[in-house]
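Notes for the structure review
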Amino acid sequence: MIIKPMVRNNICINSHPEGCFVSTREQIKLSKALAIPGDGAAAEPPKLALVVGCSGGYGLSSRIAAGFGYGAATVGVSLEKAPDKKPGTPGFYNNLVFDRDAKSAGLFSRTINGDAFSDETKAETAKALKEIATQAGVPAKIDLLVYSLASPVRTDPKTGVQYKSALKPIGPAFSGKTLSMMDGTFGIATADPATDDEIASTIKVMGGEDWELWVEAMDKEGLLSPQTRIVAYTYIGPEHSWPIYKNGTIGKAKEDLERACRDINKNYADRGKICRAWVSVNKALVTRASAVIPIIPLYVSCLFKVMKERGLHEGCIEQILRLYRDRLYAAGSADPAKVPVDEAGRIRLDDWEMRDDIQKAVLEKMEAVTDGNVFDETDLAGFKHDFLEVHGFDVEGVDYDADVDVGAYQDS
Ligand code: NAD
């Protein structure tokens, strides 16, 4: 079949296998430049890594950089759909090419397709980690645990109750300018204030509870060690986005993620069971999860324009390479207290995004942009490209007029 992108309301409902392959391989290429610190004062790079939410966005880059950058054996967990008569989800193809290329490169990897929130998936993952460690000839201790889930729903494993997350403001209703990425037209997005139930449900889905359950499950299986470094991702963003993000339902969930980080450190690091857990504040980027947040297409299009002009632009892989090289495994990082953090103990990869000069220029652009100048004044083209690329489209070197045998892309 010939596969062309099907996009509605900033959501793409299909994917292109070959494009996902090429795009993932591009990240693999970039991650090979990740230097192993030869410095005794740097933490030892991971030999065994677990990435929860491994198939796209920040999680995929985290797995690629650990595997192909540091040579770690990796176990990845994600929830993706395999192709039947239609193409599978992009993450299915990203995982497939990751495992294939890892094998060719002599790296050990296992990908688990399952609901990360369930006890069964956690048990299956623990078993896989032990098997992969044996195959790779490394201790069955997780050196790096990355938690990078973005999900709209979660079933509580203890009660069986399903919770749905909401992207809503708390307090006054939200109204803000939005941008349709496909044609560059503006609209107004509105969102009613969240109810108390919606706030609590969003915390259940995107807060820190499941992260803590992962750490607990891995500890029970004896997979943690005083070398284990644990990280989960968050976003803060500029003040004008706070009504819908930081001060909204998702912001409350992210506050809970920070609460969980403190508790994990109290319960495990202080008892010498792990080295430490961190929350890393990452840059706003185009992923499947982020494109549906109302302010993101306009803000990110302006941000990309400004950051590219100043030579400061990064994608997921560049952010994660910086996380490993200059933070988690930087010079001096053998002592976890030397990992650079802000006053609240968070790793900041949004430091360049949040620079005063960058934010000032972005805000000016956001106020000045109109239908007439949107393609000149902003990097909407770059946003659109990244969005399509996340789904395997608009990738250089891929022939989109060629017939695709969807059935040929299956687990071998
Ligand atoms: P993404 O949509 O690209 O990836 C989400 C991952 O979660 C995928 O691997 C998906 O398969 C997996 N997943 C979802 N539900 C699952 C389930 N039930 N079981 C197993 N796996 C499941 O998302 P992303 O944008 O990379 O976000 C990852 C994290 O990074 C989130 O915590 C997000 O808040 C944070 N973050 C994102 C941005 C951004 O701009 N995208 C910025 C800063 C922080």
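In this sheet, strand β10 (residues 186-191) lies alongside strand β9 (residues 174-179) in antiparallel orientation, the contact comprising six bridges. Bridge assignment links S175 to a residue of β10, and that residue is T190. The turn linking β9 back onto β10 is made up of six residues, and G184 within it adopts a positive phi angle of 70°.

On to the packing of helix α1 (residues 17-31) against helix α3 (residues 90-104), then. Taken N-terminus to C-terminus, the directions of α1 and α3 make an angle of 50°; their axes are 9 Å apart at the nearest point. Relative to α3, the element α1 is oriented oblique. Relative to α3, α1 is oriented so that their crossing is right-handed. Within the contact between the two elements, α1 uses P17, C20, F21, T24, R25 and I28 and α3 uses P90, Y93, N94, L96, V97, R100 and D101. For the contact of α1 with α3, a count of residues per class yields eight nonpolar, two polar and three charged.

A few words now on the sheet that holds strand β11 (residues 229-234). A sheet is described by the order of its strands in space; here seven strands give the open sequence β5-β4-β3-β6-β11-β12-β13, paired in parallel fashion. Strand pairing shows two members of the sheet lacking a second neighbour, β5 (109-113) and β13 (347-348), which therefore form its edges. Relative to strand β6 (residues 144-147), strand β3 (residues 48-52) is paired through four bridges, and the arrangement is parallel. The partner of V51 across the bridge, within β6, is V146.

Let's shift gears to the site of the ligand. As a structural note, the neighbourhood of the ligand is formed by 29 residues, with S55, E80, A116, L285 and T287 the closest of them. Within the contact set of the ligand, an oxygen atom lies 3.4 Å away from a backbone nitrogen or oxygen of G53. Expressed as a share of its isolated accessible area of 840 Å², the protein-covered part of the ligand is 92%. Put simply, the parts of the chain that give the shell around the ligand at least two residues each are α2 (57-69) and β11. Of the residues in the shell around the ligand, the class split is twelve nonpolar, twelve polar and five charged.

Our focus in this paragraph is unusual backbone geometry. Phi at D394 is positive, roughly 60°, even though this residue is not glycine. Note that D394 resides in the segment after α12 (380-390).

Taken as a whole, this structure holds eleven aromatic pairs when the rule is applied. On the numbers, 5.3 Å between centres and 85° between planes, the contact of F92 with Y93 is edge-to-face. For the pair F92 and Y93, a shared accessibility class is recorded, and that class is buried. Centre to centre, the rings of Y93 and Y409 are 5.9 Å apart; their planes meet at 90°, and the pair counts as edge-to-face. Of this pair, Y93 sits in helix α3 while Y409 sits in the segment after α12, placing them 316 residues apart in sequence. One exposure class covers both Y93 and Y409, and it is buried. Here a set of aromatic residues connected by ring pairs shows up, and it is made of F21, F92, Y93 and Y409. The side chain of K177 reaches across the aromatic face of F186, ending 4.9 Å from its centre. Sitting above the plane of the W352 ring, R322 keeps its charged end 3.7 Å from the centroid.

What follows is about the state of the cysteines. Applying the stated rule across the entire model yields zero disulfides. In this structure C12 is not part of a disulfide, and its nearest cysteine sulfur, from C20, lies 9.5 Å away. A relative accessible area of 1% means that C20 is categorised as buried.

Three or four residues apart is the spacing at which side chains of an α-helix point the same way, because the helix has 3.6 residues per turn. What helix α5 (residues 196-206) keeps buried is the set I199, S201, T202, K204, V205 and M206. In this structure, the buried residues of α5 make contact with β7 (153-155), β8 (162-164), α6 (209-220) and α7 (249-269).

All right, on to the nonpolar core then. The biggest cluster of nonpolar side chains holds 88 residues, and the ones touching the most others in it are Y299, Y324, L328 and F387. Per element, the largest residue contribution to this core is nine residues, and it comes from helix α8 (residues 296-309). If we ignore the near neighbours within four places in the chain, the residues touching Y299 are Y235, P238, H240, A284, E353, Q359, V362 and M366. Grouped together as the second largest cluster of nonpolar side chains are 36 residues, L48, A73, V138 and I230 included.

Turning to the pattern of salt bridges, a few remarks are in order. Opposite charge on two side chains lets them pair, provided their charged atoms get close. Here the structure, examined in full by the defined rule, presents 36 salt bridges. A salt bridge links E44 to K47, with the nearest nitrogen and oxygen atoms 2.4 Å apart. Here E44 falls in the exposed class, since its relative accessible area comes to 57%. Linking K127 and E131 is a salt bridge whose minimum nitrogen-to-oxygen distance equals 3.4 Å. Of this pair, K127 and E131 both sit in helix α4 (residues 119-136), four residues apart, roughly one helical turn. Taking relative accessible area as the criterion, K127 reaches 56% and is therefore assigned exposed. Salt bridges sharing partners connect three or more residues here, namely E258, D342, E343, R346, R348 and D350.

Reading guide: rules and limits
Residues numbered from 1 in each chain as written. Predicted model: local features only at pLDDT ≥ 70, side-chain atom pairs only at ≥ 80, totals over all residues. Heavy atoms only, no water. Pairing = 2+ DSSP bridges. Helix = DSSP H or I, 4+ residues; strand = E, 2+ residues; numbered from the N terminus. Axes fitted to C-alpha atoms, helices over the stretch in contact; angles between N-to-C directions. Parallel < 35°, antiparallel > 145°, perpendicular 65-115°, else oblique. Left-handed = near helix turned anticlockwise from the far one by under 90°. Contact = heavy atoms within 4.5 Å. Nonpolar A, V, L, I, M, F, W, Y, C, P; charged D, E, K, R; others polar. Near = heavy atom within 4 Å. Polar contact = N/O pair within 3.5 Å; in protein donor to acceptor, adjacent residues only side chain to side chain. Areas by Shrake-Rupley, 256 points an atom, 1.4 Å probe, with all protein chains shown as cover. Phe/Tyr/Trp six-rings, centres within 6.5 Å; stacked < 30°, edge-to-face > 60°. Buried < 20%, exposed > 50% of the residue type's maximum accessible area, 1.4 Å probe, protein only. Lys NZ or Arg CZ within 6 Å of the ring centre and 35° of its normal. Disulfide = S-S within 2.5 Å. Core = buried A, V, L, I, M, F, W, Y, C linked by side-chain atoms within 4.5 Å. Salt bridge = Lys/Arg side-chain N within 4 Å of Asp/Glu carboxyl O.

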